[in-house]
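# What the coordinates show
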Amino acid sequence: MCGIAGILMRSGTPDQSALETAAHRLRHRGPDDLGIHVEGPLGLIHTRLSIVDLEGGHQPLEGPDGQQVLAANGEIYNDPELRAVHARQDIRPRTGSDSESILHTYALKGIDGIADLHGMFAFALFDRRDGSLLLGRDRLGIKPLFVARLPDRIAFASEIKALLPLLPRQPDLEPGAIAQFLENQFCTGTQTVFRGIERIEPGTCLRVSPELNCQSFRYWSALDVKTQDIDLKEATETFEPLFDEVIREHMRADVPFGLFLSGGVDSSILANELTRRMETPLQTFSVGFKGTRMDDELDAATSLAEWLGTRHTRLELSRDQVFGRLVHSIWATDDLMRDYACLPTSLLSETAARDLKVVFSGEGGDEAFAGYRRYRLSPERRIKALLHPGSGGFRTRGQWRGRRAYRTFGPALRGARKGTRQPFVDAWQATPGHWSDIQRAQYTDLTTALPDNLLVKTDRMTMGFGLEGRVPFCDHRVIEFGLSLPDELKIRGREGKHFLKHWAESRLPTAHLRQPKRGFHVPVGEWFQGEFLDRLGERLAGNRAVNEWFRPEGIKGLIDNQRHSGKASRELWCVMQFAIWHRLFVEGPYQAPQTFEDPLDWIP
């Protein structure tokens, strides 16, 4: 797990000081080693977190014939199997690094070889034979990769904060992306909050010619999945060896690993699968909150840890601990995203990183096996489908209720608001006509909320502390299998993930598997009161960025509403987060915050 960045110039050579600044901004992703490679118009940066081949594996790496150079982030889990294939072609690896398989696969098959890779990855591969640059990202978007295309250069990086120094000037902000963040809690698709900076889409490679012409190739899509006509017994017989192989591959590492144990179905299954394959106790970590009315899964996670015999760490967080982590989590997240779970995940990551370099997490299980309540075709969904056509009543409503958006958004945001639902409509409409509504909902989340919200949380919060997050349920083979199941194996009555729970019953206590789904909630609404709220109102009222993008009377109305009814915490959190983000990434000077900060100190 690492950080990468770089630049390809139309003419001339990259600026060395800009490359060094970008590298500095990625050191949290790779504190163990640094490589900067400059070659004519090309500059490559690699900051390394050593997981496999601890002594070797320095990057950028050169190909077997010296004709390619690579900087890669992530893990190629089937590296041993690929090495056996390459050996039969008389290709001899120079290191023990799994990333080297990208080079050898490319040398044998070119861009078509990317489909042979199992894992999570983002890479930049420069081909000296024709001067082209290949940028690639894994199938589900587990690892990030941003790119900016300018007339004189192509710049790219694992995080936006490292891409900005490689540009000749600070880009303008994109109102559509800010509106998406406010309404959907994240921005999805290629667009980011900086105009001209884009995400490379999951399952996609971008080839850049020496003249900076770009050609995009999609090497994988969930749209190719075919529905299986199988029953519960046949599905179990198919899934058993598949998941065994996925777990076995994901456990490959030269360092110890642990698990974030939420107490839910997905992380509980991972806890069992890892524990029964290990000779020493698995380290697990779970989190809850002190003095709140909201239920959490801390006790359930602790009970399961005791049942499995893991080395368990319980974190019970106070309001001050959670709020104090906000500024650092915004800095780590990079792009605007409002997910309260980033805060406890950041604290869990910091705790786990004291002893470990790798931690497993259960993201992807709900999307793969239809675990969310929103996947059920309810009467309410049918009404929404009539009122808001295009996505079968799925994801039709923004986060700002009633007329709050109209009263609070400034002119640019009001103009951009009408397009905030379009990514969900586009995803829904892209699905094959024979798919069910459940499959369409799964696909919509798999291509929007999963890569641009949940996996952002996992990647940025863990890598903020030099910790690698592994997510086996996001392995493309698991996703393909879950998506292909018939509806009756996904949802029965009011229960989601029917197949997965049935499969796990021989491994875990039934009562634990069948407990109601709680989700990972943070009691922000309970805490957003009193002196903090009063101070926040004063800061927002005088903040230049807030007054530029929002209407002052609308902000005042939100403060009053939260003070008297406690029902504006989500909207106020968005505005507060935007103000802090603007201070970190726009106003400057660039400054990485401490892990504990008073968030109001960062709203000038």
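Here, the structure is the one placed above.
Described below are features of the structure shown in this document.

## Focus on the environment of Ala412
Relative to the helices and strands, Ala412 is located in helix α15 (residues 411–417). In the structure, Ala412 is positioned 238 residues away from Glu174 in sequence and 9.5 Å away in space, judged by C-alpha atoms. With near-sequence residues (within four places) excluded, Ala412 lies in contact with Pro175 and Trp549.

## Details of the packing of helix α2 (residues 79–88) against helix α3 (residues 100–109)
Where α2 contacts α3, the axes come no closer than 10 Å and their chain directions differ by 40°. One finds that α2 runs oblique with respect to α3. Relative to α3, the crossing made by α2 is left-handed. Contact with α2, carried on its side by Asp79, Leu82, Arg83 and His86, involves Glu100, Ser101, His104, Thr105 and Leu108 of α3 and no other residues of that element. Here the residues of the contact of α2 with α3 sort into two nonpolar, four polar and three charged.

## Observations regarding a negative patch on the surface
Together, Asp229, Asp231, Glu234 and Glu488 give the surface a local cluster of negative charge. Turning to its location among the elements, Glu488 is positioned in the loop between α19 (476–484) and α20 (498–504).

## Regarding the packing of aromatic side chains
This model, assessed by the stated rule, comprises 33 aromatic pairs. Residues Phe239 and Phe499 carry aromatic rings whose centres are separated by 5.5 Å and whose planes lie at 85° to one another, so their mutual orientation is edge-to-face. One end of the pair, Phe239, is in helix α6 (residues 232–250); the other, Phe499, is in helix α20, and 260 residues separate them in sequence. Here the two residues Phe239 and Phe499 agree in accessibility, since each one is buried. Ring centres 5.0 Å apart and planes at 85° place the aromatic pair Phe239 and Trp503 in the edge-to-face group. Residue Phe239 is found in helix α6, and its partner Trp503 is found in helix α20; the two are separated by 264 residues along the sequence. Across the pair, Trp503 and Phe239 agree in class, each one buried. Of the aromatic side chains, those joined through ring pairs into one cluster are Phe194, Trp400, Phe409, Trp549, Phe550, Phe578, Trp581 and Phe585. One Lys or Arg, Arg374, reaches over the ring of Tyr372 and ends 4.0 Å from the middle of that ring.

## Observations concerning the pairing of strand β2 (residues 33–39)
When β2 meets strand β3 (residues 42–48), the two strands line up antiparallel, connected through seven bridges. Counterpart to Asp33 in the pairing with β3 is Arg48. With antiparallel pairing between neighbouring strands as the criterion, β2 and β3 make up a hairpin whose turn holds two residues, including Gly40 at a positive phi of roughly 60°.

## Let's talk about the sheet that holds strand β10 (residues 197–199)
Think of a sheet as strands paired side by side through backbone hydrogen bonds, with each pair either parallel or antiparallel. Within the open sheet, the six strands sit side by side as β2-β3-β1-β9-β8-β10. Their pairing is antiparallel. Among the strands making up the open sheet, the edge pair consists of β2 and β10. The average undirected angle you get between the axes of adjacent strands in this sheet is 15°. When strand β1 (residues 2–9) meets β3, the two strands line up antiparallel, connected through seven bridges. Looking at the pairing, Ile7 lines up with Gly43 of β3. Sitting on the sheet, helix α1 (residues 16–24) is in contact with β1, β2 and β3, with an inclination near 155° to β2.

The rules behind these values
Residues numbered from 1 in each chain as written. Predicted model: local features only at pLDDT ≥ 70, side-chain atom pairs only at ≥ 80, totals over all residues. Heavy atoms only, no water. Helix = DSSP H or I, 4+ residues; strand = E, 2+ residues; numbered from the N terminus. Contact = heavy atoms within 4.5 Å. Axes fitted to C-alpha atoms, helices over the stretch in contact; angles between N-to-C directions. Parallel < 35°, antiparallel > 145°, perpendicular 65-115°, else oblique. Left-handed = near helix turned anticlockwise from the far one by under 90°. Nonpolar A, V, L, I, M, F, W, Y, C, P; charged D, E, K, R; others polar. Patch = residues over 30% accessible without salt bridge, like charges linked within 9 Å, V, L, I, M, F, W, Y side chains within 5 Å. Areas by Shrake-Rupley, 256 points an atom, 1.4 Å probe, with all protein chains shown as cover. Salt bridge = Lys/Arg side-chain N within 4 Å of Asp/Glu carboxyl O. Lys, Arg positive; Asp, Glu negative; His and termini not counted. Charge placed at Lys NZ, Arg CZ, Asp CG, Glu CD. Phe/Tyr/Trp six-rings, centres within 6.5 Å; stacked < 30°, edge-to-face > 60°. Buried < 20%, exposed > 50% of the residue type's maximum accessible area, 1.4 Å probe, protein only. Lys NZ or Arg CZ within 6 Å of the ring centre and 35° of its normal. Pairing = 2+ DSSP bridges.

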